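# Chains, contacts and geometry: an overview
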Amino acid sequence: MSEQLGQPGITSTSILGNPVLRREDDTLVRGQGRFVGNVPLEGALHVQFVRSTAAHGTIGSIEVDDALAMPGVVAVYTAADLGLDDRPVLMGFYPAEMARPFLARDRVRFVGEPIAVVVAETQYQAADAAETVWADIEPLPPVLGLSDALDGENLLFPDVGHNVAFRNSVEDPFDFSGYEVVVTENIVNSRVAAVSIEPRVVAAGIEDGRLTCWASSQGAHNFRKAVTDLLGIEGEDLRVFVQDIGGGFGAKGVTSEEEVMVVHLARKLGRTVRWTETRTENLTGHVHGRAQEQKVTIAGTSDGDIQAYRLDMLQDCGAYPRFGAFLPEFTRQMASGVYDIERVEVEYTSVVTTTTPVCAYRGAGRPEATAAIERAVDLYAAEIGMDPAEVRRRNLPASSAFPFTNATGTVYDSGEYEMVLDAALEASDYTGLRAEQQRRRDAGDNRQMGIGICVYVEITGFGGSEYGEVSLQADGTVLAVTGSTPIGTGHLTTWAMIVADRLGVPLEAVTVFHGDTDRVPSGQLTGGSRSVQIAGSSMGDAADKLVDLARDAAADLLEAAPDDLVLDRGRGAFHVAGTPSASRSWAEIASEAAEPLVGLSDFVQAGATFPFGAHIAVVEVDTETGQTTVERIVAVDDAGVIVNPLLAAGQVHGGLAQGIAQALLEEVRFDEDGNPQTSNLADYPAISMMEVPSYERSFTETPTPLNPLGAKGIGEAGSIGSTAAVQSAVVDALAPFGIRHLDMPLTPERIWSALQASGA
Amino acid sequence: MEAMSVTFARTVDDACAALAEHPGALLLAGGTDLMVGVNRGQVRFADVVVLDRVDELRGWRREGDEIVLGAGLTYAEMGRGELPALVPALAQASRTVGSPQIRNAGTLGGNVATSSPAGDTLPVLAALDATIDLRSAQGARRLAIGEFVTGVKQNALEPGELIEAVRVPVLDGPQEFLKVGTRNAMVISVVSLALVVDRSGRNVRVGLGSVSPVPLRPADAEAHIAGCIDWDTGSAPDAAAVHRFAALVAGAARPIDDHRGTAAYRSHAVGVLARRALLRAFPGGAS
């Protein structure tokens, strides 16, 4: 690879590292975004799914005749005549019998599961007709609690004989009895919903004789592969467009059954069809995240040396195991967090329940690991009577230990954990905070202060490559083509900055193209915070390849040897070294070229990168009502070299809010019959601006050696640190009342009840 | 399917005539409650009378010591202009409702007619002893708010009748509205409380929301605290009196468990709100 971007002496005028405003926003704020719901599709039919209102039951018959007779109705299908085989389990990891029918076949397994689909001329006709579809469902006992699921008294898939989708067992569990201090606790990492502003939406039809699809997905090529595999057609027989999408948060990383069915219906009917789900369908029928029951066991000396840690997990997969069943594996890899602990072991079991399926959600498995270890460290600190900041400091690996292999075998690329902890402690005036906390405790104040610390590390990028193509157009402008899919986080700006920097052209000269599987040969999912580090590095690499081609072309024009030419990035021109007057600009090279010069990336990132940071939350808990107010969030995040600090800060802001949300507010709940209790945004308290403080945040930059940008991912980190910090802060505020742990979400009622139980 | 009729009334008489013709018609003003029910399929109807073009129902006016609030007064309108100085608790309550879009559309008459235990204006109207002006083709009648709301989403509105206005007094004394929800904005209340002080009447009046089927007045608490205040000096009641007041308010609540909160928490929280509202109205009191 070529030299480090931004290195002194290479370019003194680099745009990298500057807070460049999002180029996306001009069109978005004018309402000119290209969302699937806005794509003009002449004569498109509308799709409405009929969903189960029972959590668990056997299907007798489904009556669709009334619906078929309704005005405007074109077709109604059930599993019997849809013509699709069941969707196989993910990668063959789970019992094959846990395959998911596209429309429930014989049995329903969660409220919201599609049982029939109606296609009609208008959205309203489709909705009216769907109301008349009647399913005879014989109720079966719901399977809700994870222990109940594990007991297997009631089975979702009787042919399997149990409710276990996936598990990891430790052969020879180690004995904790010999340690000086051992603390255990049961922890629930609550089930949450992604709540993208734009719910699921998809359209498909025959365009120019080709099956074409407009999707709101985190990866155009992944979407195409999922659909074509399941429909049994060749990849090239489907063209997928992904333009603007209104948020994904991981939930749009897996192509849903409904989306596959919409493409199938377009083929089957030979018509253009579109489906837009409602918020209630989104909250009950789309995937949820987290949903883990954990047991932590932590052991060490009485002077603060953590020696052993064990994490047991029960993962709720919901009704059909997909990515959710695999989440605890990510939790396992990151179980020991930032700490250097000699012995760590992890067991987990993923079980199916009669609830909405669980999948990836911002952080996917890593926030669960962080929440568990950070609670465990706090419990251990409380047990030995040591300050939680000090216990953390004593157990962090030294910066000289990197690359650092943690006790579960994960190799952390680079880290300066003590540096970020110290920076956060200093920025928060930790000593002053503890003094104020003590003052309030002594005074018996009914506004108790809590301080929560989280030092986190997470996995991003996961290695691999991304399609990157940078070409010089005849008019001297630059076209950059990526296989990645921007999901609203400003990548069009970031990538253009990287290309402009490499070439020495103005940002305005660079156009980024993405999201058309006909034009872009391959692409990966936007997920795991990979799209700056990997897609961005491939953009830089493709631009470097273009520089090489352009240098050859300029050498021909200047009748000089290519090796004698240098690129003056300040002027955007090649010249003979030492003779700046003899030069050829990008525009001149473009106009002389017989065909566009095209640089193609061959960058591959060898492995995952590990961003880290320290978050300190300061909360005030009203001991009379149980209401928590987040007074301060001090966040020091290190995601390697930052390409655009404004956009990176935006990612942290959103992540912090989502972390506070899970800690204090949000939880998907079901009643004892398995009915969703949080199926709209009045009952599911998605966080608002009214609950978040003004953040105090900063970046440190510890480069990764794994890509030329030196960048790690920042998309998920905010939600990973803040969740644990806020939870710990609330528990800390309640410590004088003898409370050592409370599960999320820390609602006023939960806190008040705990205070009541403590006798406060 | 049978066609539905939609009448866009321009005057109260128009609306009453349309209602006389279709006594089962739904009245549509802001639609912020109604359309939720319609969209969920919980509200079925054949006829609609639309009220948002009736100028007589809009705005408010002062009649002596009374404010006459048009049924079409929006939450946004309750919170701006001179009204907040005249009926502070109503303005405070209106500002806790929904989002700006909802506050621009939702109306006082709609909130009263929906008669939900969680209706944000209802505790205020209860505390103020508001009266409701009803009209139909047969004539007009006036009911106290306590007579009007008869149960959970049930009221004394007869077929063919509409709410024309809500009358509240202008009182001499501070007013407070406090609400507990599942977040700080855009929420349905878990409990709410309005407290108004009437210095000339020498009483403190309290309305409770979301703790009983109808807006509740804790009579024992009101009687107790009125007797603990030195009305000549207006000095704050002592700590014991305040605690007793809070306990009586909590004891008067008759809440239920539901998915937003438990009865135990609601009773407790409404007591805390009572104490805080009283201390805001009488600053300097011992907590």
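Because the structure is a prediction, the values reported are computed rather than measured.

Residue and element names in this part refer to chain A. One open sheet accounts for four strands, arranged S18-S26-S27-S28; its pairing is mixed. Taken across any chain shown, the strands that pair with only one partner, and hence form the sheet edges, are strand S18 (447-457) and strand S28 (696-699). The average undirected angle you get between the axes of adjacent strands in this sheet is 10°. Relative to strand S27 (residues 628-638), strand S26 (residues 612-622) runs antiparallel, the two sharing 10 bridges.

Attention now goes to the domain arrangement of chain A. Residue and element names in this part refer to chain A. What the domain assignment reports for chain A is domain 1 (25-33 + 462-600), domain 2 (36-140 + 200-276) and domain 3 (288-460 + 608-758). Between domain 1 and domain 3, the C-alpha centre-to-centre distance is 39 Å. Across the boundary between the two partners, domain 1 contributes 14 residues, which contact 20 residues of domain 3. Buried area between domain 1 and domain 3, both sides added, is near 1200 Å², and the carbon and sulfur share of it is 64%.

Helix H12 (residues 263-281) of chain B packs onto helix H19 (residues 748-758) of chain A with a crossing angle of 90° between their chain directions and a minimal axis gap of 11 Å. With respect to H12(B), the element H19(A) is oriented roughly perpendicular. Taking contact as the criterion, the partners of Pro748(A), Glu749(A) and Trp752(A) in H19(A) are, on H12(B), Ala264(B), Tyr265(B) and His268(B). Residues belonging to the contact of H19(A) with H12(B) are distributed by class as follows: four nonpolar, one polar and one charged.

The next point concerns the pattern of salt bridges. This model, assessed by the stated rule, comprises 70 salt bridges over all chains. With a shortest N-O distance of 4.0 Å, Asp622(A) and Arg447(A) are connected by a salt bridge. Of the two residues, Asp622(A) sits in strand S26 while Arg447(A) sits in strand S18, which places them 175 residues apart along the sequence. According to the relative accessible area criterion, Asp622(A) is buried, its value standing at 4%. The class of Arg447(A) is partly exposed, set by a relative accessible area of 33%. The salt bridge involving Arg530(A) is made with Glu466(A); its shortest N-O contact spans 3.1 Å. Remark: Glu466(A) occurs in the loop between S18 and strand S19 (468-472) and Arg530(A) occurs in the loop between strand S21 (510-513) and helix H15 (535-558); sequence separation between them is 64 residues. With respect to class, Arg530(A) is no different from Glu466(A); both count as buried. Overlapping salt bridges bring together Glu436(A), Arg439(A), Arg440(A), Arg447(A), Glu620(A), Asp622(A), Glu624(A), Arg275(B) and Arg276(B) as one network.

On to the side chain of Thr489(A). All names here are of chain A. Tracing the backbone shows threonine 489 in the loop between strand S20 (478-482) and helix H14 (491-503). With relative accessibility at 17%, the residue threonine 489 sits in the buried group. Separated by 3.3 Å, the side chains of threonine 489 and histidine 491 make a polar contact. If near-sequence neighbours (up to four positions away) are discounted, threonine 489 is found in contact with Arg22, Leu647 and Gln651.

For chain A, the average pLDDT comes to 95, and 98% of its residues sit at 70 or higher. Across residues 1-12 of chain A, where pLDDT falls below 50, the model places 20 contacts with residues more than four positions away in sequence or in other chains.

So, on to the pairing of strand S7 (residues 139-144) of chain B. Residues and elements named next belong to chain B. Of the strand pairs in this sheet, strand S6 (residues 131-136) and S7 are connected by six bridges, and their pairing is antiparallel. The partner of threonine 131 across the bridge, within S7, is alanine 144. Remark: two residues form the turn of the hairpin made by S6 and S7, two consecutive strands paired antiparallel.

All names here are of chain A. Taking 1.5 Å per residue, 20 residues should reach 28 Å; helix H17 (residues 645-664) reaches 28 Å between its end C-alpha atoms and fits that length. Summarising burial for H17: 15 of the 20 residues are buried, a large majority. Among the residues of H17, the N-terminal cap falls to asparagine 644, whose side-chain oxygen and the backbone nitrogen of leucine 646 are separated by 3.0 Å.

Take a nonpolar patch on the surface next. A cluster of nonpolar residues, Met4(B), Val6(B) and Phe8(B), forms a patch on the protein surface that exposes about 280 Å² of accessible area. Relative to the helices and strands, Val6(B) is located in strand S1 (residues 5-8).

Residues and elements named next belong to chain A. Following both chains from N to C, one finds H14 and H15 inclined at 25°, their axes separated by 9 Å at the closest point. It follows from the interaxial angle that H14 and H15 lie roughly parallel. Every pair of crossing elements has a handedness; the one defined by H14 and H15 is right-handed. Two secondary-structure elements touch here, H14 through Trp495, Ile498, Val499, Arg502 and Leu503 and H15 through Ala535, Gly536, Met539, Gly540, Ala543, Asp544, Leu546 and Val547.

With that out of the way, let us pick up unusual backbone geometry. The omega torsion of the bond from Phe402(A) to Pro403(A) falls at 0°, within 30 degrees of zero and hence cis. Position of Pro403(A) relative to the elements: it lies in the loop between helix H11 (388-395) and strand S16 (404-405). Each neighbour pair has its own omega, and for Met744(A) with Pro745(A) the value is -5°, a cis peptide bond. Inspection of the secondary structure assignment puts Pro745(A) in the loop between helix H18 (717-733) and H19. Unusually for a residue other than glycine, Phe249(A) sits at a positive phi of about 55°. Inspection of the secondary structure puts Phe249(A) in the loop between strand S11 (238-241) and helix H7 (257-269). In this structure Phe249(A) comes out as partly exposed when scored by relative accessible area, which is 27%. Residues other than glycine seldom take positive phi values, yet Met186(B) does so here, at roughly 55°.

About the thresholds
Residues numbered from 1 in each chain as written. Chains lettered and ligands numbered in written order. Predicted model: local features only at pLDDT ≥ 70, side-chain atom pairs only at ≥ 80, totals over all residues. Heavy atoms only, no water. Pairing = 2+ DSSP bridges. Helix = DSSP H or I, 4+ residues; strand = E, 2+ residues; numbered from the N terminus. Axes fitted to C-alpha atoms, helices over the stretch in contact; angles between N-to-C directions. Domains from an automatic or database assignment. Contact = heavy atoms within 4.5 Å. Buried area = accessible area lost by both parts, 1.4 Å probe. Parallel < 35°, antiparallel > 145°, perpendicular 65-115°, else oblique. Nonpolar A, V, L, I, M, F, W, Y, C, P; charged D, E, K, R; others polar. Salt bridge = Lys/Arg side-chain N within 4 Å of Asp/Glu carboxyl O. Buried < 20%, exposed > 50% of the residue type's maximum accessible area, 1.4 Å probe, protein only. Polar contact = N/O pair within 3.5 Å; in protein donor to acceptor, adjacent residues only side chain to side chain. pLDDT = per-residue confidence, 0-100. Expected span 1.5 Å × (residues − 1). Patch = residues over 30% accessible without salt bridge, like charges linked within 9 Å, V, L, I, M, F, W, Y side chains within 5 Å. Areas by Shrake-Rupley, 256 points an atom, 1.4 Å probe, with all protein chains shown as cover. Left-handed = near helix turned anticlockwise from the far one by under 90°.

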